[in-house]
Protein chains: 2
Amino acid sequence: MISSTYSYISSYEINGAFNSYGISEVVETKNAKFPVGTLVTSPYIRWEEQTVLPSSIAKDLTILPAEVRDSKIPLSAYIGVLGMHSFTAYGSLLDIGQPKAGETIYISAASGAVGQLVGQIARLKGLRVIGSVGSDDKVDYLLKELRFDAAFNYKKEKIVDSLRAAAPEGIDIYYENVGGEALEAALEVLKPHGRIIACGMVSGYNSGEGYNVKNLFQIVTKRLTIKGFLVVDFNEELNERFRKDVSEWILNGDIVYKEDITEGLDDAPEAFVGLFHGKNFGKALVKITDL
Amino acid sequence: MISSTYSYISSYEINGAFNSYGISEVVETKNAKFPVGTLVTSPYIRWEEQTVLPSSIAKDLTILPAEVRDSKIPLSAYIGVLGMHSFTAYGSLLDIGQPKAGETIYISAASGAVGQLVGQIARLKGLRVIGSVGSDDKVDYLLKELRFDAAFNYKKEKIVDSLRAAAPEGIDIYYENVGGEALEAALEVLKPHGRIIACGMVSGYNSGEGYNVKNLFQIVTKRLTIKGFLVVDFNEELNERFRKDVSEWILNGDIVYKEDITEGLDDAPEAFVGLFHGKNFGKALVKITDL
């Protein structure tokens, strides 16, 4: 039996609010691998204070090291800035992107859970960082809080024009989250031998019709490399480096992150509905109990 | 001054017939690097028996080793199956594609100068080879002479259906020469971690409008790698391996190739016009003189 503290609320599906990813403590157990007091993250968090889980799902529980209780980093970070999305960002940028100090990176959907961290890690690695987002508030956030070098609102400007202005000499890496027009613009401004880290491309996918990317031939003429990935492909060794590096960066203030925490189950339904009106800014979490 | 033997005729532009790529012998010289009797390939072959070249273009002449005169391989091969297109095929398949025995490769424009060699090298490396071409004659040629495992006429069948029939378990490598529908179909049948060697993609390019490739998101979901290249990026060491391997394969009969040689300048104009009616089958060459 687990007692849950934080539950992540997602707008993907209604079920995703009530049966979600979160962090819990084992309070009763019949499995020696999970003694009482163990902290776990799992996708089996319900909107209830205590949950009984069958032993068959034990493989999906991730045990957190005991020292996280004494860390200055709050527990909620382990399903946010130290969770799956951030590992995605860290692993793909470093493993696939092979970023070098002095290079320029462009990140689409840059205020998303993945994009935020990609941008900040890139900055820490000495890259010039450009991001696109869908509102002026988010542009401000990228520039002032995440310390991007340049940012623009793709709803107000042509992406390719903004990119040319922000990076007159072109970009070395494109961190691809959306596909469509952003991909087309990136192909236009990538330097020879540039790299595309393909994380998303959901824009064309969701529309069902795709987007006519008219300059794919630049993959050949510029000798580009495009590489898709799923976070499950990254290994445990990379995961350990990720936790170590990002924990250090958080404690040093080198990386910032935003959470939007609703206290208690009573207010949770309202927080869930708020997601559909874009009321949250940062990762939406419900704090179910204190641990 | 050079005396030219073979001149490659291309249909790209009229000028390309009269000022083309070919093979010549140095017959008079003021440059110690090019003694009389040296064989060179160069892009400065004209439809004339002897040509005076300025020393400023010496850097664009490629000296052939003396032993090619004694080889059983005809000189014409050095601007064909042992020339630039074939080096493109060899370098990109082996260096970018990293083919492994037992894998399946699909090649678009498979009867072209590059595609032919890619298919035959892939076969020699133990791959299952599938090609698409634009006529039934070419299908026959791939199956019977080049010994492809499967081939189809993309003008008569939907590419994705033909690919599914020829490779029910999917393909590991797509050798991309044309873009558009072939790229879309390949994305559909590529296995996870598949690779795309991006050599051409001229189909969408030439139309000016591009082709709406609707499933680019599969780059992410299947964790594909796409890599563009230009032959100039390959190094001399690879070039030497290429000449050695391909010469051996030609002498063993492991690789076949087709030339369409017109004897003498008198018939050259007709051969040139014939290109526009698809009359040639194989690399179109004019034999200007005997060497």
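Note: the structure precedes this text.
The rules behind these values
Every chain begins its residue count from 1, and numbering advances along the sequence as written. To read the labels, note that chains go from A and ligands from 1, taken in the order they are written. Given that this is a predicted model, residues contribute local features only at a pLDDT of at least 70 and side-chain atom pairs are listed and counted only at 80 or more, while totals for whole chains, interfaces and linings are drawn from all residues. Hydrogens and waters are ignored; side-chain quantities use all the structure's heavy atoms. By definition, any uninterrupted DSSP run of H or I lasting at least four residues is a helix, any uninterrupted run of E lasting at least two residues is a strand, and each is numbered from the N terminus. Whenever a nitrogen or oxygen atom comes within 3.5 Å of another N or O atom, the pair is scored as a polar contact, on the condition that within protein one atom can donate a hydrogen and the other can accept it, and that pairs from neighbouring residues in sequence are kept only if both atoms are in side chains. Between two residues, a contact is recorded if the distance between any of their heavy atoms is within 4.5 Å. Between N-to-C directions, angles span 0 to 180 degrees; the directions come from axes that are lines fitted to C-alpha atoms, helices contributing only their stretch in contact. In this scheme the handedness of a crossing depends on how the near helix is turned from the far one: anticlockwise by less than a right angle means left-handed, clockwise means right-handed. Any residue that is not Ala, Val, Leu, Ile, Met, Phe, Trp, Tyr, Cys, Pro, Asp, Glu, Lys or Arg is counted as polar, Gly included; the first ten are nonpolar and the last four charged. Each residue's exposure class comes from its accessible area (1.4 Å probe, protein chains only) as a fraction of the maximum for that residue type: buried when under 20%, exposed when over 50%, partly exposed otherwise. Strands are labelled as partners when DSSP assigns at least two bridges between them. Here is how to tell: hold the view so the strands point away, follow the path from the first strand over the helix to the second, and if it runs clockwise the crossover is right-handed. Here the copies are superposed with least squares, the fitted atoms being C-alpha atoms of residues at a pLDDT of at least 70 in both. By nonpolar core is meant a set of buried Ala, Val, Leu, Ile, Met, Phe, Trp, Tyr and Cys residues that side-chain atoms within 4.5 Å join together. Buried area, as used here, totals the accessible surface that two parts lose on assembly, with accessibility defined by a 1.4 Å probe and the loss added over both. Note on definitions: salt bridges are taken to be side-chain nitrogens of Lys or Arg within 4 Å of carboxyl oxygens of Asp or Glu. As used here, the arc is the angular range of directions from the helix axis to the C-beta atoms.

### Regarding unusual backbone geometry
Residues other than glycine seldom take positive phi values, yet Gln98(A) does so here, at roughly 45°. Examined against the element boundaries, Gln98(A) turns out to sit in the loop between α2 (84–97) and β6 (104–107). With phi around 55°, Arg223(B) is a residue other than glycine that occupies positive phi space. Note that Arg223(B) resides in the loop between α8 (218–221) and β11 (225–228).

### Quick notes on the side chain of Thr51(A)
Residues and elements named next belong to chain A. Checked against the element boundaries, threonine 51 lands in strand β4 (residues 50–51). Within the structure, the side chain of threonine 51 is placed 2.8 Å from the side chain of glutamate 48, a separation counted as a polar contact. Contact partners of threonine 51, with chain neighbours within four places excluded, come to Met1, Ile2, Tyr44 and Arg46.

### Some points on the packing of helix α5 (residues 159–166) of chain B against helix α6 (residues 180–189) of chain B
All names here are of chain B. Where α5 contacts α6, the two axes come as close as 9 Å, and the packing angle between them is 35°. Regarding α5 and α6, the two cross each other, and that crossing is right-handed. For the pair α5 and α6, the contacting residues are Ile159, Val160, Leu163 and Arg164 in the first and Glu181, Ala182, Ala185, Ala186, Glu188 and Val189 in the second. The residue inventory of the contact of α5 with α6, partitioned by class, reads 7 nonpolar, no polar and 3 charged.

### Topic: the pairing of β6(A)
Consecutive side chains along a regular strand alternate between the two faces of the sheet. Residues and elements named next belong to chain A. Along β6, one buried face is formed by Thr104 and Tyr106 and the opposite face, lined by Ile105 and Ile107, is buried too. Both β6 and strand β7 (residues 128–133) contribute to a ladder of 4 bridges, which runs parallel. Among the inter-strand pairings, tyrosine 106 is bridged to a residue of β7, identified as isoleucine 130. Since β6 and β7 lie parallel, the crossover through helix α3 (residues 113–124) that links them has a hand, and here it is right-handed.

### Considerations on the relation of the copies chain A and chain B
Overlaying chain A on chain B yields an RMSD of 0.1 Å, the required transformation being a rotation through 180° with an accompanying axial translation of 0.0 Å. Both chain copies can therefore be described as sitting about a two-fold axis. Scanning chain A for the C-alpha nearest the rotation axis identifies Asn212(A), at a separation of 2.0 Å.

### Quick look at the sheet that holds strand β9 (residues 171–176) of chain B
Spatially, β8(A)-β7(A)-β6(A)-β9(A)-β10(A)-β11(A)-β11(B)-β10(B)-β9(B)-β6(B)-β7(B)-β8(B) is the arrangement adopted by the 12 strands of the open sheet, whose pairing is mixed. Both edges of this open sheet fall to β8 (150–153) of chain A together with β8 (150–153) of chain B, since each of them pairs with a single strand only. Direction aside, the axes of adjacent strands within the sheet are offset by 15° on average. Where strand β11 (residues 225–228) of chain A and β11(B) come together, 3 bridges link them in antiparallel fashion. Looking at the pairing, Thr225(A) lines up with Lys227(B) of β11(B). Running over the sheet, helix α6 (residues 180–189) of chain A touches β6, β9 (171–176) and β10 (190–198) of chain A and is turned about 150° from β10(A).

### Focus: the nonpolar core
Counting residues in each nonpolar core, the largest one holds 52 residues, and the members touching the most others are Tyr106(A), Tyr174(A), Tyr106(B), Ile130(B), Ile171(B) and Tyr174(B). Those residues within four positions of Ile171(B) in sequence are excluded, and the remaining contacts are Thr104(B), Tyr106(B), Ile130(B), Ala186(B), Val189(B), Leu190(B) and Lys191(B).

### Points about the interface of chain A and chain B
Counting residues at the interface gives 28 residues for chain A and 28 residues for chain B. A buried area of about 2,300 Å², summed over both sides, lies between chain A and chain B, and 62% of it is on carbon and sulfur atoms. Between chain A and chain B we count 2 salt bridges in total. As a salt-bridge pair, Asp233(B) and Arg223(A) come within 2.7 Å of each other at their nearest N and O atoms.

### So, α5(B)
All names here are of chain B. Listed in full, the buried residues belonging to α5 are Ile159, Val160, Ser162, Leu163 and Ala166. Across the axial projection of α5, the buried residues extend over an arc of 160°, all falling on one side. On its buried face, α5 is in contact with β6 (104–107), β7 (128–133), β8 and α6.

### A short note on the side chain of Thr289(B)
Secondary-structure assignment places Thr289(B) in the segment after β13 (283–287). Overall, Thr289(B) belongs to the buried group, its relative accessible area being 15%.

### Remarks on helix α4 (residues 136–145) of chain A
All names here are of chain A. Of the positions making up α4, those classed as buried are Val139, Tyr141 and Leu142. The arc that holds the buried residues of α4, viewed along the axis, is 160°, so those residues lie on one side. Facing away from the buried surface of α4 by more than 90 degrees, the exposed residues are Asp137 and Lys144. In the core, the buried residues of α4 are packed alongside α3, β7 and β8. Phi turns positive, to about 60°, at arginine 147, one or two residues after α4.

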